[in-house]
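Inside the fold
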Amino acid sequence: MQIYFNIAYGTQYGNDLYINLRMPDGTLDTHRMTQCGDGQWQYTYRCDLSGVEYLDYYYSEQNGSEVVNHEWTTQAHRIAIGQQGISQYTAYDVWIAIPHDSYLYSSAFTECINRRAHREAYRRPNPSVVRLKVRAPQLRGDQRLVLCGGHPVLGEWHIDRAIPCIEQAPNEWTCDIDAEYTAGENLDFKFVAVKDGDELNEPMWETDDNRYFRMPRLRRGDIEEHELSQAFFKIYNVKKAGTLIPVFSLRTEGSFGVGDFGDLKRMVDWVAYTNQRVLQVLPINDTTMNHTWSDSYPYSCISIFALHPQYVDFRQLPPLKDAKKAAELESLRKQLNQLRQIDYERMIQAKEEYLQLLFEQEGKQTLATKEFKEWFRDEERWLVPYAQYCYLRSRHKTADFREWKGHTVWNEAERPLLSNPRTKEYRQVSFYYYVQYVLACQMKRAHQYARSLGIILKGDIPIGVQRMGCDVWQEPHYFNLNGQAGAPPDDFSVNGQNWGFPTYNWEAMLNDGCQWWVRRFQNMQKYFDAYRIDHVLGFFRIWEIPTHAVHGLLGQFQPALGLRPEEVEAYGLEFKKDLFTRPYITQEVLQAVFHDKATYVRDNFVTPYRDGYYLMRPEYDTQRKVEAWYNNVNENETLRYENENYQLSTINDQLSTIRDGLYTLISNVLFLRDHAGPELYHPRIAARHSYIYKMLLSDGERHVFNRLYDDYYYRRNDQLWQHEAMQKLPRLIEATRMLACAEDLGMIPPCVPTVMSDLRILSLEVQSMPKEYGRQFGNPERYPYRSVCTIDSHDMPTLRMWWDEDNVRAQRYYSQMLGRRDEAPHPLPSWLARDIMLRNLQSASMLCILSLQDWLAVSDELKLSDLNAERINIPANPRHYWRYRMHITIDQMLSNQRFCDDIAAMIQQSGR
């Protein structure tokens with residue numbers, strides 16, 4: 001077969017156009033096209049693709065091997081070449097840029113919201129065919145496309161005689177016209193959206209003028225395909241509602257003290273029953289480091305691929321044959337499931353014991369199945385190192401792989417032995433293969449079940465990974481271990497957040513096309529149809545904190561354009577390096593920070609420098625050293641205060657006060673040295689709240705510093721950060737067909753909304769964290785359509801908690817946003833919670849996803865009496881125990897008809 005590709009495209013001078021063909025094995029076959037004049041390009045492809053039904057491809061503009069521009073690759077071009085009798089196929093294409101409605105091509109829409117039962121197969125074509133191809137993404141799931149026109153072949157404008165179109169790819173329709181019967185004729189026609197199975201009931205004609213096409217004369221066996229402009233219809237934008245709840249927080253009567261993938265299916269039932277269409281969860285990856293409660297942190301994954309063993313549903317597995325052990329575990333399950341919160345350590349110990357027993361009973365047979373072997377072949381790249389990591393972690397009784405003698409880094413040479421069922425090495429790690437296979441099967445079943453009910457499962461992609469996790473152990477070249485990722489100070493934490501994750505070596509990642517990230521996103525696609533990018537600002541720049549720091553205040557953005565001393569002085573501020581870059585410590589500062597303990601701190605932690613200044617003693621000159629001192633102090637230690645021993649009555653509180661004060665001293669600088677360039681400097685974040693700013697600078701110097709500070713953080717780096725994001729994010733967004741959403745809260749550079757809009761990423765809109773400068777509350781009516789509206793996230797207090805945190809703020813919201821003139825009631829009554837939620841549901845956002853705790857706030861019967869127990873996470877506490885669980889079961893919610901009807905009514909009333 002010969003295929004002729006044709007496209008009109010104007011390249012920049014010196015560039016060429018290339019066609020990139022996706023081969024059946026997934027590789028790209030790239031060819032330079034020939035320019036035929038007037039911006040026309042052509043390529044002739046001679047091939048034998050017998051057995052291949054479709055050929056997908058896209059075009060790219062290149063300067064040699066450098067790709068200057070390329071089409072939207074998520075869904076570019078497709079031609080059907082599987083029919084018999086085709087001798088020549090000629091395609092006339094148009095360049096496809098990322099469409100404004102690209103979300104309609106996501107699997108969230110094509111497989112959930114607008115899911116169509118089937119796609120028709122191509123019938124054998126006529127001897128010669130003109131194939132018209134058009135995209136119509138607005139069509140609902142119960143609609144299909146037909147072509148109707150004035151010619152008898154096109155039905156003479158009668159819908160019942162129109163030509164049915166075939167959906168050959170999501171939202172892409174083709175229509176075959178007999179070229180022999182219509183050769184040389186001018187056809188006028190329109191595309192029409194009709195109800196599937198009821199074509200004559202309210203057909204919807206496309207809005208533009210009639211289309212015209214002159215039919216060519218073709219040889220027998222030829223197909224000539226023409227790509228047409230998108231068909232538009234008077235169909236309103238979809239808006240949907242959903243629920244946010246971590247999987248671990250789910251509760252049913254059969255749970256094992258924690259939510260599991262079986263509970264997830266039951267939660268899908270409740271979401272569907274209340275007319276919602278989205279169920280959002282937190283990360284579900286394995287976080288197991290030391291089998292203690294600290295492993296409960298879901299954003300600290302040890303593997304971006306492996307699922308957490310806590311989510312296994314034993315109800316979907318064979319029962320234990322050991323009746324005594326089964327009874328013991330069933331008794332323990334009931335105990336754990338009665339607890340108000342998760343007892344992580346007892347739960348994970350019991351579940352792993354249960355899994356070991358099941359593996360001994362069922363593992364050999366399971367690992368011998370065809371299904372397991374196929375899955376193993378698909379997942380082997382990450383699975384084998386992960387299993388070895390878990391085995392070594394258990395053998396060495398530590399996750400710190402630096403202590404694994406002979407295995408401090410993954411050895412690819414060990415893969416064959418670990419992959420061969422006949423070897424001892426395979427048997428040592430096969431338990432972990434079994435567990436991950438069971439988890440993958442259960443999560444895929446939950447995903448397919450959600451799709452069958454039209455429910456979008458939305459996952460979460462953390463910005464970081466565990467420093468001592470399998471990903472770092474396997475591919476350390478992708479990470480910078482001399483820094484810690486975090487966030488600058490914000491509403492969540494006045495000292496910033498230090499997550500402890502390694503930062504990324506983006507140079508190494510970009511060198512191979514961000515394959516680590518691409519694989520990560522593509523793995524997510526197996527389980528979800530939408531995702532939330534955690535801290536999307538990290539793709540523009542990450543807040544990198546030195547390893548010697550505890551707080552986020554000593555961090556700096558990477559990459560960033562540091563300031564040279566002469567640039568600082570050009571603003572009008574003399575750059576006093578010795579004063580500005582080392583902790584500013586005087587007796588006045590000590591007194592302000594430590595009050596009655598100032599003398600003790602002066603005598604024990606600092607040393608005189610000169611002219612009334614002090615330096616931190618070497619054994620305490622970093623926050624990590626201070627942290628180590630604090631951790632080593634015992635309750636019998638005494639403090640010397642004014643030459644006498646003073647036994648602390650509440651030593652822990654007093655010591656923590658000193659510790660925090662020492663942290664403050666160490667961060668009391670005006671500028672930080674650049675991590676890479678020693679003669680470059682960054683103004684310290686939030687320096688305007690520091691003692692050095694208040695006590696050292698004059699009024700004039702403070703004015704100059706403020707101008708420098710604002711220029712640096714809000715203007716100087718904007719172009720750089722936009723360039724950084726556009727190198728990374730497009731590759732990831734186009735890697736899958738999931739709906740892309742992002743958490744874009746915090747210190748937002750001006751370039752972020754532009755990039756988010758260009759890539760069609762849904763933003764996050766939270767009413768209590770408005771993005772409009774000078775506003776205390778956001779206006780849901782003004783949210784962009786491509787956004788997710790919510791009242792709070794897992795990092796925030798719930799609606800009821802927020803309402804009672806600050807009565808003055810609540811009154812202001814009550815008056816300004818709700819238009820009420822009376823006094824705001826406390827605690828938040830259910831009728832008022834309903835009003836606030838309904839206003840958010842009526843926002844302009846595509847999705848409105850509310851936490852389960854907020855949904856329950858509308859029911860006096862169901863809401864939790866202790867509102868403070870609703871909190872999932874406290875970002876200011878890096879050692880928070882993630883243990884929130886629903887206080888009622890999903891079945892109890894389902895059986896409360898009044899509650900379910902109320903939610904369904906709110907969703908219907910809001911047009912969702």
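Here the structure is a predicted model, which is why all the values come from computation and not from measurement.

Okay, the overall build of the chain next. Helix and strand counts for the chain stand at 27 helices and 36 strands. Relative to the globule expectation of 29 Å for 912 residues, the C-alpha radius of gyration of the chain, 31 Å, shows essentially globular dimensions. The principal-axis extents of the C-alpha atoms in the chain amount to approximately 110 × 80 × 70 Å. Looking at the chain as a whole, 59% of its 912 residues qualify as buried. Considering only contacts in the chain between residues 6 or more positions apart, those separated by 24 or more positions represent 73%.

Going through the model one piece at a time under the given rule, you end up with 56 salt bridges. Where Glu567 meets Arg564, a salt bridge forms, and the shortest distance between an N and an O atom there is 3.7 Å. Given a relative accessible area of 41%, Arg564 falls into the partly exposed group. A salt bridge links Arg809 to Glu805; the shortest N-O distance between them is 3.2 Å. Looking at Arg809, the relative accessible area reads 17%, which means it is buried. Linked by salt bridges that have partners in common, Asp260, Asp263, Asp313 and Arg315 make up one network.

A few words on unusual backbone geometry. A cis amide bond links Gln558 to the next residue, Pro559, at an omega of -5°. Within the secondary structure layout, Pro559 lies in the loop between β26 (556-558) and α12 (565-570). In the Ramachandran plot, Asp611 falls in the positive-phi region, its phi being about 50° despite a non-glycine side chain. With respect to the secondary-structure elements, Asp611 resides in the loop between β27 (606-608) and β28 (614-616).

Time to look at the environment of Thr798. Tracing the sequence through the fold places Thr798 in the loop between β35 (787-790) and α22 (799-805). Beyond its immediate stretch of four places on either side in the chain, Thr798 contacts Asp792, Gln853, Asp854 and Glu870. Side-chain polar atoms of Thr798 contact the side chain of Glu870, separated by 2.7 Å.

Our next topic: the side chain of Arg277. Locating Arg277 in the fold gives a position in the loop between α3 (261-273) and β20 (278-280). Reaching out from Arg277, the side chain makes a polar contact with the backbone oxygen of Cys112 at a distance of 3.3 Å. When sequence neighbours within four positions are dropped, the list of residues in contact with Arg277 reads Cys112, Ile113, Lys240, Ala241, Val271, Gly454, Ile455 and Ile456.

Before going further, it helps to examine the packing of aromatic side chains. Under the counting rule described, the total for this entry stands at 69 aromatic pairs. When the centroid spacing of 5.1 Å and the interplanar angle of 75° are considered together, the rings of Phe376 and Tyr433 count as edge-to-face. Of this pair, Phe376 sits in helix α6 (residues 370-396) while Tyr433 sits in helix α8 (residues 424-452), placing them 57 residues apart in sequence. Taken individually, Phe376 and Tyr433 each receive the classification buried, so the pair is uniform in this respect. Arranged with centres 5.2 Å apart and planes meeting at 70°, the rings of Tyr504 and Trp517 form a pair that is edge-to-face.

Below, the discussion takes up the confidence of the model for the chain. Per-chain confidence: the chain averages 93 in pLDDT, with 97% of residues scoring 70 or above. Below a pLDDT of 50 lies the segment residues 638-649, which in the model reaches 19 contacts outside its immediate sequence neighbourhood of four places, other chains included.

Moving on: the nonpolar core. Judged by nonpolar contacts, the single largest core of 244 residues is most densely connected at Trp270 and Trp517. Once residues lying within four places of it in the same chain are set aside, the contact partners of Trp270 are Thr243, Gln276, Leu852, Trp855, Ile890, Met893, Leu894, Phe899, Cys900 and Ile903. Core analysis: the second largest hydrophobic core is formed by 25 residues, Met33, Cys47, Val52 and Tyr59 among them.

Moving on to the sheet that holds strand β36 (residues 847-851). If you trace the eight strands from one edge of the open sheet to the other, you get β33-β24-β21-β20-β19-β36-β35-β34, paired in parallel fashion. A strand with exactly one partner marks an edge of an open sheet, and here the two such strands are β33 (739-742) and β34 (763-766). Each strand axis lies, on average, 25° off the axis of its neighbour in the sheet, ignoring direction.

Taking strand neighbours across the sheet as the criterion, the eight strands line up as β4-β5-β1-β9-β18-β10-β14-β13 in an open arrangement whose pairing is mixed. Taken across any chain shown, the strands that pair with only one partner, and hence form the sheet edges, are β4 (34-37) and β13 (166-169). Ignoring which end each strand starts from, the neighbouring axes of this sheet average 25° apart. In this structure, strand β1 (residues 2-8) lies alongside strand β9 (residues 88-93), joined through six bridges in parallel fashion. Within β9, the position partnered with Ile7 by the bridge is Asp93.

Before going further, it helps to spend a moment on helix α20 (residues 718-733). For α20, built from 16 residues, the straight-helix expectation of 22 Å at 1.5 Å per residue is met to within 8% by its first-to-last C-alpha distance of 21 Å. Of all bends in α20, the biggest is about 30°, found at Met726, and the proline Pro730 comes one to four residues later. What α20 keeps buried is the set Asp718, Trp721, Glu724, Ala725, Lys728, Leu729, Pro730, Leu732 and Ile733.

Moving on: the packing of α20 against helix α21 (residues 751-758). Look at α20 against α21: their axes get within 9 Å of each other, and the N-to-C directions meet at 25°. It follows that α20 is roughly parallel to α21 by the angle criterion. With respect to the hand of their crossing, α20 and α21 are arranged in right-handed fashion. Across the interface between the two elements, Asp718, Trp721, Gln722, Ala725, Met726 and Leu729 from α20 touch Cys751, Thr754 and Val755 from α21. By residue class, the composition of the contact of α20 with α21 is six nonpolar, two polar and one charged.

In this section: the side chain of Asp16. Assignment of secondary structure puts Asp16 in strand β2 (residues 16-22). One polar contact links Asp16 to Arg32, side chain to side chain, over a distance of 3.3 Å. Those residues within four positions of Asp16 in sequence are excluded, and the remaining contacts are Thr11, Arg32, Trp41, Ser60, Glu61 and Gln62.

What follows is about α3. An ideal rise of 1.5 Å per residue puts 18 Å on 13 residues; α3 measures up with 19 Å between its terminal C-alpha atoms. N-cap assignment for α3: the residue whose side-chain oxygen lies 2.9 Å from the backbone N of Gly262 is Asp260. Directly beyond the C-terminal end of α3, a positive phi value near 70° is found at Asn275.

The next point concerns the environment of Tyr620. Structurally, Tyr620 can be placed in the loop between β28 and α16 (623-632). In sequence terms Tyr620 and His675 are 55 residues apart; their C-alpha atoms lie 21 Å from each other. Contacts of Tyr620, omitting those with residues within four sequence positions, involve Asn604, Phe605, Lys625, Val626, Trp629 and Ile666.

Let us now look at the state of the cysteines. Per the stated rule, a full pass over the model turns up zero disulfides. No disulfide involves Cys390; its nearest neighbouring cysteine sulfur is the one of Cys470, lying 7.0 Å away.

Further remarks concern the pairing of β4. Inspection of the sheet shows β4 paired to strand β5 (residues 40-46) by three bridges, in the antiparallel sense. Each residue of the ladder has a partner; that of Gly37, found in β5, is Gln40. Once β4 ends, the chain turns through two residues before running back antiparallel as β5, passing Asp38 with a positive phi of about 55°.

Attention now moves to the environment of Tyr432. With respect to the helices and strands, the residue Tyr432 is situated in helix α8. Residues Tyr432 and Gln356, 76 residues apart in the sequence, show an inter-C-alpha distance of 9.8 Å. Non-local contacts of Tyr432, meaning those with residues more than four positions away in its chain, are made with Ala387, Cys390, Tyr391, Arg393 and Ser394.

Cut-offs used in this document
- Residues numbered from 1 in each chain as written.
- Predicted model: local features only at pLDDT ≥ 70, side-chain atom pairs only at ≥ 80, totals over all residues.
- Heavy atoms only, no water.
- Helix = DSSP H or I, 4+ residues; strand = E, 2+ residues; numbered from the N terminus.
- Rg over C-alpha atoms; globule rule 2.2 N^0.38 Å.
- Buried < 20%, exposed > 50% of the residue type's maximum accessible area, 1.4 Å probe, protein only.
- Contact = heavy atoms within 4.5 Å.
- Salt bridge = Lys/Arg side-chain N within 4 Å of Asp/Glu carboxyl O.
- Polar contact = N/O pair within 3.5 Å; in protein donor to acceptor, adjacent residues only side chain to side chain.
- Phe/Tyr/Trp six-rings, centres within 6.5 Å; stacked < 30°, edge-to-face > 60°.
- pLDDT = per-residue confidence, 0-100.
- Core = buried A, V, L, I, M, F, W, Y, C linked by side-chain atoms within 4.5 Å.
- Pairing = 2+ DSSP bridges.
- Axes fitted to C-alpha atoms, helices over the stretch in contact; angles between N-to-C directions.
- Expected span 1.5 Å × (residues − 1).
- Bend = angle between axes of the 7 residues up to and from the residue.
- Parallel < 35°, antiparallel > 145°, perpendicular 65-115°, else oblique.
- Left-handed = near helix turned anticlockwise from the far one by under 90°.
- Nonpolar A, V, L, I, M, F, W, Y, C, P; charged D, E, K, R; others polar.
- Disulfide = S-S within 2.5 Å.

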